[in-house]
Amino acid sequence: MGKISYYTEEGLNRLKAELNDLKTKGRADIARQIAEARDKGDLSENAEYDAAKDAQGLLEMKIAKLEEIVSNARLLDESTIDASQVSVLSKVTIKNKKNGAKMTYTLVSEEEADLKQGKISVGSPIGKGLLGKKVGDSAEITVPAGVMEFEIVEIDR
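Criteria and cut-off values
Residues numbered from 1 in each chain as written. Predicted model: local features only at pLDDT ≥ 70, side-chain atom pairs only at ≥ 80, totals over all residues. Heavy atoms only, no water. Helix = DSSP H or I, 4+ residues; strand = E, 2+ residues; numbered from the N terminus. Buried < 20%, exposed > 50% of the residue type's maximum accessible area, 1.4 Å probe, protein only. Contact = heavy atoms within 4.5 Å. Areas by Shrake-Rupley, 256 points an atom, 1.4 Å probe, with all protein chains shown as cover. Lys, Arg positive; Asp, Glu negative; His and termini not counted. Charge placed at Lys NZ, Arg CZ, Asp CG, Glu CD. Expected span 1.5 Å × (residues − 1). Polar contact = N/O pair within 3.5 Å; in protein donor to acceptor, adjacent residues only side chain to side chain. Salt bridge = Lys/Arg side-chain N within 4 Å of Asp/Glu carboxyl O. Axes fitted to C-alpha atoms, helices over the stretch in contact; angles between N-to-C directions. Parallel < 35°, antiparallel > 145°, perpendicular 65-115°, else oblique. Left-handed = near helix turned anticlockwise from the far one by under 90°. Nonpolar A, V, L, I, M, F, W, Y, C, P; charged D, E, K, R; others polar. Pairing = 2+ DSSP bridges. UniProt positions renumbered as here; feature names shortened; annotations may be inferred.

### Quick look at the overall build of the protein chain
Phase 1 of the analysis: The helix and strand tally for the protein chain stands at three helices and seven strands.
Phase 2 of the analysis: Across the protein chain, helices and strands are ordered from the amino to the carboxyl terminus as β-α-α-β-β-β-β-α-β-β.
Phase 3 of the analysis: Residue burial in the protein chain is summarised as follows: out of 157 residues, 34% are buried.
Phase 4 of the analysis: In the protein chain, the share of contacts with a sequence separation of at least 24, taken over all contacts with a separation of at least 6, comes to 51%.
Phase 5 of the analysis: Taken as a whole, the protein chain presents about 9,700 Å² of accessible surface, with 51% of it coming from carbon and sulfur.
Phase 6 of the analysis: Here the protein chain carries 24 positive and 28 negative side-chain charges, and the mean point of each set is 5 Å from the other.

### Quick notes on helix 2 (residues 47-71)
Phase 1 of the analysis: The terminal C-alpha atoms of helix 2, which comprises 25 residues, lie 36 Å apart, in line with the 36 Å expected from a rise of 1.5 Å per residue.
Phase 2 of the analysis: Restricting attention to buried positions, one finds in helix 2 the residues Y49, A52, L59, I63, L66 and V70.
Phase 3 of the analysis: Residues of helix 2 that are buried sit in contact with helix 1 (9-38) and strand 2 (73-75).
Phase 4 of the analysis: Between a side-chain oxygen at the N-terminus of helix 2 and the backbone nitrogen of E48 the separation is 3.1 Å; the capping residue is N46.

### Here's the deal with the pattern of salt bridges
Any two side chains of opposite charge can pair, on the condition that their charged atoms come close.
Phase 1 of the analysis: Tallying each qualifying case throughout the model produces 10 salt bridges.
Phase 2 of the analysis: Between E10 and K119 there is a salt bridge, and its shortest N-O distance comes to 3.8 Å. One end of the pair, E10, is in helix 1; the other, K119, is in strand 5 (residues 119-121), with 109 residues separating them in the sequence.
Phase 3 of the analysis: Residue classification places K119 among the buried positions, given a relative accessible area of 15%.

### Regarding unusual backbone geometry
Phase 1 of the analysis: Although it is not a glycine, L89 adopts a positive phi angle of roughly 75°.
Phase 2 of the analysis: The exposure class assigned to L89 is buried, which follows from its relative accessible area of 8%.

### Some points on the packing of helix 1 against helix 2
Phase 1 of the analysis: Where helix 1 meets helix 2, the axes come as close as 9 Å, and the angle between the chain directions of the two elements is 165°. One finds that helix 1 runs roughly antiparallel with respect to helix 2. The interaxial crossing formed by helix 1 with helix 2 has left-handed handedness.
Phase 2 of the analysis: Residues of the contact of helix 1 with helix 2, tallied by class, amount to 14 nonpolar, three polar and 10 charged.

### Looking at the environment of D50
Phase 1 of the analysis: Counting through the fold element by element, D50 comes out in helix 2.
Phase 2 of the analysis: For the pair formed by D50 and Y105, sequence separation is 55 residues and the distance between their alpha carbons is 46 Å.

### Let's talk about the sheet that holds strand 7 (residues 146-156)
Phase 1 of the analysis: One open sheet accounts for five strands, arranged 5-4-3-7-6; its pairing is mixed. Strands with a single pairing partner mark the edges of an open sheet, and in this sheet they are strand 5 and strand 6 (138-143). Recorded for the sheet is a direction-independent mean angle of 45° between the axes of neighbouring strands.
Phase 2 of the analysis: With three bridges connecting them, strand 4 (residues 102-108) and strand 5 associate as parallel partners. Bridge pairing links L107 to I120 in strand 5.

### Observations concerning the UniProt feature "domain: Transcription elongation factor GreA/GreB N-terminal" (unreviewed entry) in the protein chain
Phase 1 of the analysis: UniProt records the feature "domain: Transcription elongation factor GreA/GreB N-terminal" (unreviewed entry) for residues 6-74 in the present numbering.
Phase 2 of the analysis: Helix makes up 80% of residues 6-74 and strand 6%, whereas the separation of the span's terminal C-alpha atoms amounts to 5 Å.

### Description of the environment of L115
Phase 1 of the analysis: Its location among the elements puts L115 in the loop between strand 4 and strand 5.
Phase 2 of the analysis: Exposure remark for L115: the relative accessible area of 61% places this residue in the exposed category.
Phase 3 of the analysis: Each C-alpha atom of the pair L115 and K23 lies 29 Å from the other, and the pair is 92 residues apart in sequence.
Phase 4 of the analysis: Not counting the four nearest positions on each side in its chain, L115 is found in contact with Y105 and I120.

Structural data, given as structure tokens:
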């Protein structure tokens, strides 16, 4: 039994699309490479053939891993999320108590985290430190640079 992960609808659809792409185009590309290498003659000394077979093995491993992730994925129901406290899918605005800087993050599963889009993992130090907090609460979070203190300014869904 694999690890159960929670996804937004967008994140789960992206995973399924990648899996489908690997199964169709990915497998077809590898099969073509193997056929081209096989046509070049003696397989015992054919580095292209060996490389294509290795690539096939890696592709199949990636497909198997993605299939396991998708089969253990659970869709988050945004309507059931308690907006009074920070939880998965909360969009939370925090203020750094030291310098007054405000930041807004959306807490997501580890697989969907993307700092450029303002999505941080619930498993990250900041994500863990914010979970369960309410507006007005303070969170002391240990990060690689030391301890930072944040105030929860706003929580949206």
